[in-house]
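# Report on the structure
This is what each chain is made of:
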Amino acid sequence: MSSVAKQTRNRSLLAYVGALLGIVNQLFIFPLAFDVYGEIQFIQAMIGLIVPIASFGVMNVVTRFYPYFEENGRLNHSYLILLLAGASIAFVAFTGIILVLRLNITILSNRWVLI
């Protein structure tokens, strides 16, 4: 079996296990604590909105500059350093902006307050 077929089989199996875990979660765990389900859905929606803004386009650097860092079929290690540095700088900058502006986000009737 080729390596592509092995990787496809392994990733498909992992996707099926993840889907099965999600189904068990939805059917048996969340109905027991329905208020927790709403909080989790809200937090996931907020994360989906904040992550593209907080990354400052670092994710686009991966696809755009990959060919420039590949040498003779091998990836240059400075590319990893560039990505980690860019992601770290974006994280620190976004965290700094949030702390400087002191954005108060109230979640679910003042139960959780993020400052």
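Quantities reported herein were computed from a predicted structural model and do not represent experimental measurements. (Residues numbered from 1 in each chain as written. Predicted model: local features only at pLDDT ≥ 70, side-chain atom pairs only at ≥ 80, totals over all residues. Heavy atoms only, no water.)

## Topic: the overall build of the chain
How we decide: The way it works is that DSSP assigns letters per residue, a run of H or I at least four long becomes a helix, a run of E at least two long becomes a strand, and they are numbered from the N terminus. Whether a residue is buried, partly exposed or exposed follows from its accessible area with a 1.4 Å probe, protein chains only, as a fraction of its type maximum: under 20%, in between, or over 50%, in that order. Should any heavy atoms of two residues lie within 4.5 Å, those residues are considered in contact. The accessible surface values rely on the Shrake-Rupley method and a 1.4 Å probe; as for residues, cover is taken only from the protein chains in view.
What the chain contains, in helices and strands, is 4 helices and 4 strands. Listing each helix as α and each strand as β along the chain from the N terminus yields α-α-α-β-β-α-β-β. Across the 115 residues in the chain, those meeting the buried criterion constitute 10%. Excluding contacts between residues fewer than 6 apart, the proportion of contacts in the chain whose partners are at least 24 apart in sequence is 38%. Summed over all atoms, the accessible surface of the chain reaches about 9,600 Å², with 70% contributed by carbon and sulfur.

## Here's the deal with a nonpolar patch on the surface
Short version of the rule: In this analysis, a patch consists of residues with relative accessible area above 30% that form no salt bridge, clustered at 9 Å for like charges and at 5 Å for the nonpolar side chains Val, Leu, Ile, Met, Phe, Trp and Tyr. Take a side-chain nitrogen of Lys or Arg and a carboxyl oxygen of Asp or Glu: if they are within 4 Å of each other, that pair is a salt bridge.
A cluster of nonpolar side chains, namely Leu-20, Ile-23, Val-24, Leu-27, Phe-28 and Ile-29, defines an oily patch on the protein surface of about 590 Å² accessible area. With respect to the helices and strands, the residue Ile-29 is situated in helix 1 (residues 3–29). According to the relative accessible area criterion, Ile-29 is partly exposed, its value standing at 47%.

## Description of the confidence of the model for the chain
Selection criterion: The predictor reports its confidence for every residue as pLDDT, a score running from 0 up to 100.
Mean pLDDT for the chain: 76, with 79% of residues reaching 70 or above. By mean pLDDT, the top-scoring element of the chain is helix 1 (87), and the lowest-scoring one is strand 4 (residues 112–114) (50).

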